[in-house]
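# Structural overview
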Amino acid sequence: MLFDSHAHLDVEEFDEDREELLDKLKESGISYVLNPGVDLETSQNAIKLAAEYPWIYAAVGFYPQHTCDMDEDMFALIEGLAKKPKVKAIGEIGLDYYWNYTPHDVQQYWFRRQIQLAIKLDLPIIIHDREAHGDVKDILVEEKAFEKTRVLMHCYSGSAEFARQLLKLGCYFSIAGPVTYGNNRKAKAVLDVIPLEHMCIETDAPYLTPEPFRGKRNDPSLVGYTARKIAELKGISFEEVAEATCDTAKKFFGID
C-alpha cells in the first residue's frame, strides 16, 4: 500500500497516455494519489481527475510564482473550488525565491491569504518552499497555521536542523525522489530527524524522477523507489515505510 502524496497528473507530459497510465497504477501497489493544483486551471483539472478515479484526491491553490496572476476574483474562485468533493488541501502554496519573476511581497501576500483560507475551511496546507525557509516558517507561525490546521512541507529540501525546528511545531514532511540521488549527502540526517508518523512520500510527477530512472518522466508507479531508499537509510523494512507513510498521508489529508 503506497500513497503518492504529490503528483501533477493533469500536466501535458501525461496527455498522450494518461488514461493507460492511471489504469495500470493499481497494479503497481499505488492505493492513493494526491494531485495538487498550481493555478486556477490546474486546480480545476485536479478536481476533474479526482472525480473520475476514486483513489485520486485533489488540492487547490496558486504556486508562489503564479501568484503574480492572482486577484480577488481568482481568490474567490479558488475558495469555491476548495469546497468541492474530494478536495483535501490547499496547495501547493508557499514561497519560491529561486525564480525572480514574482516579487517576494506579492508571493508573501497571497501565501498569507491562502493560509487564511485553509484555516477558514479547515483544510490542511501543502507548502512549496524553495530558498525561502526563514520567511516560510515565519509566515506560518504568524498566521498560526501550525495551531489551527496541518502543514506539510512538500518535497522537503531543508536541513536536519530546520526539520527539527518545524517538527517541534507539529509539521509534516513529504520526501521525494532526490532522496535516492547519490549526491544527496544530507538525506540520512534529515530522515533520522523525521519520524514515520510525520512523513509522507511523493513523486512530484512528472518531475524529480528517482534513481535508477533519473532523466526520464516520473509517475506515481515509481514512488516505491523513494520508499525503498527511506527504508534503507532508516534501517527498517520497505513494508514498514510503505504502510506508515500511507497511514500518515491518510491522516494528514483526512481520508478514511
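Scroll up to find the structure this text is about.
Sequence positions are assigned chain by chain, starting from 1 and proceeding in written order. Local features in a predicted model are, by the rule used here, given only for residues with pLDDT of at least 70; side-chain atom pairs are given and counted only at 80 or more, and totals for whole chains, interfaces and linings are based on all residues. Side-chain measures were taken over the full set of non-hydrogen atoms in the model, leaving aside hydrogen atoms and water.

### Concerning the pairing of strand 2 (residues 30-36)
Buried means the residue's accessible area, taken with a 1.4 Å probe over protein chains only, is under 20% of the maximum for its type, while exposed means over 50%, and partly exposed covers the values in between. Numbering of helices and strands starts at the N terminus; helices are DSSP runs of H or I of at least 4 residues and strands are runs of E of at least 2. Across the 7 residues that make up strand 2, a large majority, 7, are buried. With 3 bridges connecting them, strand 1 (residues 2-4) and strand 2 associate as parallel partners. Across the sheet, residue Leu2 finds its bridge partner in strand 2, namely Ile30. At this point the chain moves from strand 1, through helix 1 (residues 18-25), to the parallel strand 2, and the crossover so formed is right-handed. Pairing between strands is defined by DSSP: at least two bridges between the two strands are required. Think of it like this: strands point away, you trace from the first strand over the helix to the second, and a clockwise trace means the crossover is right-handed.

### With respect to helix 4 (residues 104-121)
For helix 4, with 18 residues, the first-to-last C-alpha span of 26 Å sits near the 26 Å given by 1.5 Å per residue. Buried within helix 4 we find Gln107, Trp110, Phe111, Arg113, Gln114, Ile115, Leu117 and Ala118. If you follow the buried residues of helix 4, they end up packed against helix 3 (72-82), strand 4 (87-96), strand 5 (125-130), helix 5 (133-142) and helix 6 (145-148). Looking one or two residues past helix 4, Asp122 carries a phi angle of roughly 60 degrees, positive in sign. Helices are assigned an expected span. That span is 1.5 Å times one less than the residue count. Contacts between residues were defined by any pair of non-hydrogen atoms, one from each residue, lying within 4.5 Å.

### Concerning the environment of Lys234
Note that Lys234 resides in helix 9 (residues 223-234). Taking the C-alpha atoms as reference, Lys234 lies 38 Å from Tyr109; in sequence the two are 125 residues apart. When sequence neighbours within four positions are dropped, the list of residues in contact with Lys234 reads Leu191, Ile194, Leu196 and Met199.

### Some remarks on the pairing of strand 4
Consecutive side chains along a regular strand alternate between the two faces of the sheet. Within strand 4, 9 of the 10 residues are buried, leaving the element largely enclosed by the surrounding structure. Judged from the 3 bridges that link them, strand 3 (residues 56-60) and strand 4 form a sheet pairing that is parallel. Of the residues in strand 4, the one forming a bridge with Val60 is Ile90. Taken together, strand 4, helix 4 and strand 5 constitute a β-α-β crossover, and its handedness is right-handed.

### Observations regarding unusual backbone geometry
Omega for the peptide link from Gly91 to Glu92 comes to 10 degrees, which places this bond in the cis form. The topology assignment puts Glu92 in strand 4. Glu211 connects to Pro212 through a cis peptide bond whose omega is 10 degrees. Mapped onto the elements of the fold, Pro212 is located in the loop between strand 8 (199-201) and helix 9. Not every positive phi belongs to a glycine, and Lys86 is a case in point at roughly 75 degrees. Tracing the backbone shows Lys86 in the loop between helix 3 and strand 4. You can call Lys86 partly exposed: its relative accessible area is 21%. Positive phi values are uncommon outside glycine, yet Glu131 reaches one of about 55 degrees. With respect to the element layout, Glu131 can be found in the loop between strand 5 and helix 5. Judged by its relative accessible area of 53%, Glu131 falls in the exposed class.

### Here's the deal with a nonpolar patch on the surface
Note on patches: the residues involved have over 30% relative accessible area and no salt bridge, like charges join within 9 Å, and the nonpolar side chains Val, Leu, Ile, Met, Phe, Trp and Tyr join within 5 Å. Every accessible area reported is derived by Shrake-Rupley at a probe size of 1.4 Å, with residue values counting cover from the shown protein chains alone. Each salt bridge in this description consists of a side-chain nitrogen of Lys or Arg and a carboxyl oxygen of Asp or Glu lying within 4 Å of one another. Where nonpolar side chains cluster on the molecular surface, the patch consists of Tyr98, Trp99 and Tyr101 and spans about 340 Å² of accessible area. Relative to the assigned elements, Tyr98 resides in the loop between strand 4 and helix 4. Under the relative-accessibility criterion, Tyr98 is labelled partly exposed at 38%.

### Some points on the side chain of Ser31
Within the secondary structure, Ser31 is located in strand 2. When near neighbours in sequence (up to four residues on either side) are disregarded, Ser31 contacts Met1, Leu2, Lys26 and Trp55.

### Here's the deal with the nonpolar core
Core analysis: the largest hydrophobic core is formed by 74 residues, its most contacted members being Phe111, Ile127, Leu140 and Tyr156. Not counting residues up to four positions away in its chain, the partners in contact with Tyr156 are Phe162, Ala163, Leu166, Phe173, Ser174, Ile175 and Val190. To qualify as a nonpolar core, a set must consist of buried Ala, Val, Leu, Ile, Met, Phe, Trp, Tyr and Cys residues joined through side-chain atoms within 4.5 Å. Grouped together as the second largest cluster of nonpolar side chains are 15 residues, Leu34, Ala59, Leu152 and Ala249 included.

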